Amino acid sequence: MALAVLYTFRRCPYAMRARLGLLLAQCNVEVREITLKAKPAQMLAASPKGTVPVLVLANGEVIAESLEIMRWALTQADPLDLLCQQSPVIEDKMAQLITQNDQQFKPWLDRYKYADRYPEQTQADYYQQASHFLTQLEACLGQHSFLVAETPRLADYAIVPFIRQFAAVDLKRALSDDFPRLAAWLENLISSEIFIRAMEKYVIWDASHSPTCLLGDM
Ligand SMILES: N[C@@H](CCC(=O)N[C@@H](CS)C(=O)NCC(=O)O)C(=O)O
């Protein structure tokens, strides 16, 4: 059976989230690593908005939003119950956290990371603004080992790439100084086997290459 094709960019937190979802669902796809400076015509034909990740299913359907790719994959198989579909309260809580991450935290993260491009406020101001969400995550981690439960769920995997990016902006400033539980959570997740697999390096895709698969050679 033809595999779905994932257009991805290793360092993009949205693409990381999609790769994590696919790996956690043990869903094999053909991986096409791209560079944002020269997006392949095949990707743009599938998704003219030009963001990664893009998943093109075997039936030609296109999913061009990272969270939807995670949800699609986990709907095929969810051996670790990451979607928590039996627990509407947890599902709601996860949806809320992910929306906050994507809509509120991410814009502050971008300003904090590229403060020189946003001279209206200082980098310290942007740190403070971004910290509101981190304080909330720290409180969640006071209740359980992961964001909504004792084991990682959808929200943990959807959010961790962005917290990783935040922590990497200023390596002199340890995340653990202000957010000790979040720092331990981050370390735990990014050192996990699944995250390491999601960060595997691929050469930039070219139509002449033989296909590379997310789960390895078939
Ligand atoms: N809402 C989209 C956002 C994806 C996104 O913005 N990806 C960035 C890379 S991190 C991108 O492709 N930007 C296009 C560009 O820089 O040309 C999703 O969740 O998939």
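Small disclaimer: the values here were computed from a predicted structure and weren't measured.

A. Fine view of the overall build of the protein chain. A tally of helices and strands in the protein chain yields nine helices and four strands. Here the protein chain has a C-alpha radius of gyration of 18 Å; the compact-globule value for 218 residues is 17 Å, and the two agree. The dimensions of the protein chain, computed from C-alpha atoms along their principal axes, are 50 × 45 × 25 Å. Buried residues in the protein chain amount to 48% of all 218 residues. Carbon together with sulfur atoms contributes 51% to the accessible area of the protein chain, which is approximately 11,000 Å² in total.

B. Broad picture of the UniProt feature "domain: GST N-terminal" (unreviewed entry) in the protein chain. Within the UniProt annotation, "domain: GST N-terminal" (unreviewed entry) is assigned to residues 2-81. Measuring from the first to the last C-alpha atom of residues 2-81 gives 27 Å, for a span that is 36% helix and 19% strand.

C. Inspection of the UniProt feature "domain: GST C-terminal" (unreviewed entry) in the protein chain at higher detail. Mapped onto this numbering, the UniProt entry annotates "domain: GST C-terminal" (unreviewed entry) at residues 87-214. Between the first and last C-alpha atoms of residues 87-214 the distance is 30 Å; the span itself is 66% helix and 0% strand.

D. Just the domain arrangement of the protein chain, in detail. One can read the domain layout of the protein chain as domain 1 (4-81) and domain 2 (88-192). The gap between the C-alpha centroids of domain 1 and domain 2 is 23 Å. With 13 residues of domain 1 in contact, the opposing surface of domain 2 contributes 13 residues. Interface area for domain 1 against domain 2, summed over the two sides, is near 1,200 Å², with a carbon-plus-sulfur share of 66%.

E. Here's a closer look at the site of the ligand. Close to the ligand lie C12, P13, Y14, L36, K39, G50, T51, V52, P53, A64, E65 and S66. The backbone of V52 places a nitrogen or oxygen atom 2.8 Å from an oxygen atom of the ligand. Here E65 contributes a side-chain N or O atom positioned 2.8 Å from a nitrogen atom of the ligand. In the complex, the protein chains occlude 71% of the 520 Å² of accessible area that the ligand would expose alone.

F. Geometry of the sheet that holds strand β3 (residues 54-56). Spatially, four strands are ordered β2-β1-β3-β4 in an open sheet, and the strand pairing comes out mixed. For this open sheet the edge positions go to β2 (29-33) and β4 (62-63), each flanked by a neighbour on one side alone. Bridge count for strand β1 (residues 4-8) against β3 is three bridges, and the pairing is antiparallel. Among the inter-strand pairings, L6 is bridged to a residue of β3, identified as L55.

Reading the values: the criteria
- Residues numbered from 1 in each chain as written.
- Predicted model: local features only at pLDDT ≥ 70, side-chain atom pairs only at ≥ 80, totals over all residues.
- Heavy atoms only, no water.
- Helix = DSSP H or I, 4+ residues; strand = E, 2+ residues; numbered from the N terminus.
- Rg over C-alpha atoms; globule rule 2.2 N^0.38 Å.
- Buried < 20%, exposed > 50% of the residue type's maximum accessible area, 1.4 Å probe, protein only.
- Areas by Shrake-Rupley, 256 points an atom, 1.4 Å probe, with all protein chains shown as cover.
- UniProt positions renumbered as here; feature names shortened; annotations may be inferred.
- Domains from an automatic or database assignment.
- Contact = heavy atoms within 4.5 Å.
- Buried area = accessible area lost by both parts, 1.4 Å probe.
- Near = heavy atom within 4 Å.
- Polar contact = N/O pair within 3.5 Å; in protein donor to acceptor, adjacent residues only side chain to side chain.
- Pairing = 2+ DSSP bridges.

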